Amino acid sequence: MKLDRFFLIRLLCILLLLPLVTGCKSDDTAQDPFQKGKLVTDLYIPGTTFYTSTVSELTIQGKGFRPGDALYLRSEDREDTPLTLKALDAAYVTFAVPQQIETDEYTLILLRGTQEQPLGILNFRQSINLDVPDKDLMTIKGAVFCGSTPVVGAIVSDGEEVTTTDDNGYYWLGSRKYHGYVFVTQPSGYQPLTENSMPRFWQPLTESQFVCEQHNFELEKVDNDNHVMFVTSDIHLANRVNDLKQYRELFIPEINGAIENYGNRPVYTMVLGDMTWDQFWYDTKYNMESYLKTLADAKIPTTFYHLPGNHDNDPYYAGDFQAEAAYKQYLGPTYYSFNLGKVHYIALDNNVYINNGASVGSSGDRSFRNYLTEIELNWLKKDLAQVDRNTPVVVGLHCPIFGFNSSLEITNAMSSQVDNDNLIQCFEGFSDVHILTGHTHYTHNTVYSESIMEHNTTAICATWWWTGYYGNGHISRDGTPGGYGVYEIDGTQIEWHYKGLGLPREKQFITYDMNTVKNYFRTNQMAVRFLKAYPTRDDYKDVGSNVVYINVWNWDPEWTISVSDGVKELPVEQIYGLDPLHTASYEVARVSDGGSYTAAFATQPSIHLFSVTAPDTNTTLTVTVTDRFGKTYKEVMSRPKAFAVNMQ
């Protein structure tokens, strides 16, 4: 009986409160404190970018519009533009889009008496007539334009078929929509619109294979005959070992400062893959979408052109096509081309993901092979058919094409010699081809022929951010500081140099007094513990007395190295050896930290290490290094020179 009475009292209370509750729900302003004090609430604008050739009127929805309200557009450095209202209701307002309005970003302002309220940001853009007619059997169509001017002869592709725009700037493709996107190869003198450092040169396809869909591309006019290309690789962000902090504190200020130093000269960035790390997509919740947000947050004032690395695949999918779907969703085409000034750039995908044993919810072995698929090779040939043979061609890939052996001979680095031949043959007849690669986390340059040279650039993350994590500088597996390549282009002339993060432009090599290096490995407690755990890794005890190592990071056969003891020139020998700084910075530190070093991260023999023997332990040496462009770098090396576990 008491229970029934209690239940009735509770029910009565609920019924008495119900009108109050429902009344609050019907009052949107009371429910949402952000709506308070606004003239118009619950605004809805159908998009943010509008082309005047296709939009003559625009309707804004909301609550609270009143007779007498006025609208106008405001932008910096322009007078306010009053708008002509076509219709006005409490729930919406329709205004005429000024057809002669200049391309810009505008704030839409509501004026009521003396009160103003910004309603939103609108981008109005001038364009050509975008009413592209259909054509039989064509499943993609569109326009390429720069304001009110059609871009004639621009190459458009779906990754299989290639076409060019006509005199109206229109294109058509009979596409089977295999990759699910369409992209434009920007012509010389143009660049795509950029959002959050990402070029908008591609668009996803949204209709079935049998439905024709339209995709337009707007370009900006720019004089980029004289431009700079930063070449970066292997960022490997994974939200671990303080990598995001190191990226923000080391890389972002570096590249922003470099861009500022070039003033008004156009600067672009090409990222050669492995922006992420597939192993940690799910473990640390950092994937392709996370990388895009990191890049957007950085607000770097340059356009980033990406291509995929083997670690940019979804580890829950076996097979290349499904595993790269996330990359395509967020970064777009896995291979494409673009022109800057008088240079033709090509981004390629030469890692074919296999990933045995993968299933949704479970990572596979993350295996892959290094070659170009037949579809990609066929597209590459079509793309190059549009390029004059005397045009400099810069080709970006993730995995290297060439390698080297202990005899310092050039070797094939692709999955087979046939794969290498298939790629190289595509550039037959071209006079100046530069192949840019990453993946290895070390540096080597290969002059394959008079017309073809590969530049294998070490990683932004150096040794996967480990040496920075231990506070030992930022060192790659071959002793190269983590950094990026800088390619300065003036017309058809290309010059390049390497830039270590946090190091001056003039720092192009490092010297080691191997007497003090050997003493470090004999007496330093961390090094002693390391050698006790790994006795076969004593890589320096057999080095002779008074030997000096010179590690010239970006060396190629056109560089010269001379060493003087003040009396005479000493003979310099190129060796196949290990950099002691990396051994101390990574392996010794990792073992001292209670772990075991990862073999894949271990010190890697390089081809840019040189040896010279001084007369005695105290002789001061003058080391002079000259690059292929005649720029000289010098160090007066006072000996004994201390061995410090730090690149500085």
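Everything numeric in this text was worked out from a predicted model, so none of it was measured.

### Quick look at the overall build of the chain
Alright, step 1. A tally of helices and strands in the chain yields twelve helices and 44 strands.
Alright, step 2. Along the longest, intermediate and shortest principal axes, the C-alpha atoms of the chain span 95 × 85 × 50 Å.
Alright, step 3. Going through the 648 residues of the chain one by one, you find that 54% of them count as buried.
Alright, step 4. Only carbon and sulfur atoms are counted for the fraction: they give 50% of the accessible area of the chain, which is about 28,500 Å².

### Structural notes on the layout of surface pockets
Alright, step 1. Here the largest pocket defines a volume of roughly 340 Å³.
Alright, step 2. Looking at the largest pocket, it is lined by 20 residues, and the ones nearest its centre are Trp277, His311, Trp464, Ala600 and Phe601.

### Regarding the packing of helix H10 (residues 514–523) against helix H12 (residues 580–592)
Alright, step 1. Where H10 meets H12, the closest approach of the two axes is 11 Å, and the angle between their N-to-C directions is 20 degrees. Our classification of the angle between H10 and H12 gives roughly parallel. Judged by the sense of rotation from one axis to the other, the crossing of H10 with H12 is left-handed. Residues Met514, Val517, Tyr520 and Phe521 of H10 touch H12, and the partners they reach there are Pro580, Thr583, Ala584 and Val588.
Alright, step 2. A per-class count over the contact of H10 with H12 returns seven nonpolar, one polar and no charged.

### Re the pattern of salt bridges
Alright, step 1. Per the stated rule, a full pass over the model turns up 23 salt bridges.
Alright, step 2. In this structure, Arg78 engages Glu102 in a salt bridge whose closest nitrogen and oxygen atoms are separated by 3.2 Å. Here Arg78 is found in the loop between strand S4 (70–74) and strand S5 (81–82), whereas its partner Glu102 is found in the loop between strand S7 (92–96) and strand S8 (104–112), with 24 residues between them in sequence.

### Some remarks on the packing of H10 against helix H11 (residues 525–533)
Alright, step 1. For the pair H10 and H11, the least separation of the axes is 5 Å and the interaxial angle reads 75 degrees. One element, H10, and the other, H11, form an angle in the roughly perpendicular class. In this structure, H10 contributes Tyr520, Phe521, Arg522 and Thr523 to the contact, and H11 contributes Gln525, Ala527, Val528 and Leu531.
Alright, step 2. Considered class by class, the residues forming the contact of H10 with H11 number five nonpolar, two polar and one charged.

### Quick word on the sheet that holds strand S39 (residues 560–564)
Alright, step 1. The strand order across the open sheet built from four strands is S40-S39-S43-S44, with neighbouring strands paired in antiparallel fashion. The open sheet has two edge strands with one neighbour each: strand S40 (569–570) and strand S44 (632–637).
Alright, step 2. Across five bridges, the pairing between S39 and strand S43 (residues 621–626) is antiparallel. By the bridge assignment for S43, Ser564 is matched with Thr622.

### Digging into empty space enclosed by the protein
Alright, step 1. All chains considered together, the criterion is met by two cavities of 30 Å³ or more.
Alright, step 2. In this structure, the largest cavity spans a volume of roughly 50 Å³.
Alright, step 3. If you trace the largest cavity, you find it lined by Asn445, His455, Thr457, Gly485, Tyr487, Trp496, His497, Tyr498 and Asn554.
Alright, step 4. Mapped onto the lining of the largest cavity, the elements with two or more residues apiece are strand S35 (483–490) and strand S36 (493–500).
Alright, step 5. The greatest single-element share of the lining of the largest cavity, amounting to three residues, is contributed by S36.
Alright, step 6. When grouped by side-chain class, the residues that make up the lining of the largest cavity number three nonpolar, six polar and no charged.
Alright, step 7. Estimated volume of the second largest cavity: approximately 40 Å³.
Alright, step 8. Every residue lining the second largest cavity is listed: Met198, Pro199, Phe201, Trp202, Phe304, Tyr305, His306, Tyr327, Leu331, Pro333 and Tyr336.
Alright, step 9. When residues of the lining of the second largest cavity are traced back to their parent elements, those giving at least two are strand S18 (198–199), strand S24 (303–306) and helix H6 (325–331).
Alright, step 10. Considering only residue class, the lining of the second largest cavity consists of ten nonpolar, one polar and no charged.

### As for helix H3 (residues 243–261)
Alright, step 1. Taking 1.5 Å of rise per residue, the 19 residues of H3 would be expected to cover 27 Å, and the 26 Å separating its terminal C-alpha atoms lies within 8% of that figure.
Alright, step 2. The axis of H3 is deflected most strongly, by about 25 degrees, at Phe251, and proline Pro253 appears within four residues downstream.
Alright, step 3. Every buried residue of H3 is accounted for by Asp243, Leu244, Gln246, Tyr247, Phe251, Ile252, Glu254, Ile255, Ala258 and Ile259.
Alright, step 4. Following H3 by one or two positions, Gly263 adopts a phi angle in the positive range, close to 60 degrees.

Criteria and cut-off values
Residues numbered from 1 in each chain as written. Predicted model: local features only at pLDDT ≥ 70, side-chain atom pairs only at ≥ 80, totals over all residues. Heavy atoms only, no water. Helix = DSSP H or I, 4+ residues; strand = E, 2+ residues; numbered from the N terminus. Buried < 20%, exposed > 50% of the residue type's maximum accessible area, 1.4 Å probe, protein only. Areas by Shrake-Rupley, 256 points an atom, 1.4 Å probe, with all protein chains shown as cover. 1 Å grid on protein atoms, 1.4 Å probe; cavity = no way out; pocket = protein on both sides within 12 Å on 5 of 7 lines; lining within 4 Å. Points joined across faces, edges and corners; volume = space filled by probe spheres on them. Axes fitted to C-alpha atoms, helices over the stretch in contact; angles between N-to-C directions. Parallel < 35°, antiparallel > 145°, perpendicular 65-115°, else oblique. Left-handed = near helix turned anticlockwise from the far one by under 90°. Contact = heavy atoms within 4.5 Å. Nonpolar A, V, L, I, M, F, W, Y, C, P; charged D, E, K, R; others polar. Salt bridge = Lys/Arg side-chain N within 4 Å of Asp/Glu carboxyl O. Pairing = 2+ DSSP bridges. Expected span 1.5 Å × (residues − 1). Bend = angle between axes of the 7 residues up to and from the residue.

So yeah, pure geometry; function would need other evidence.
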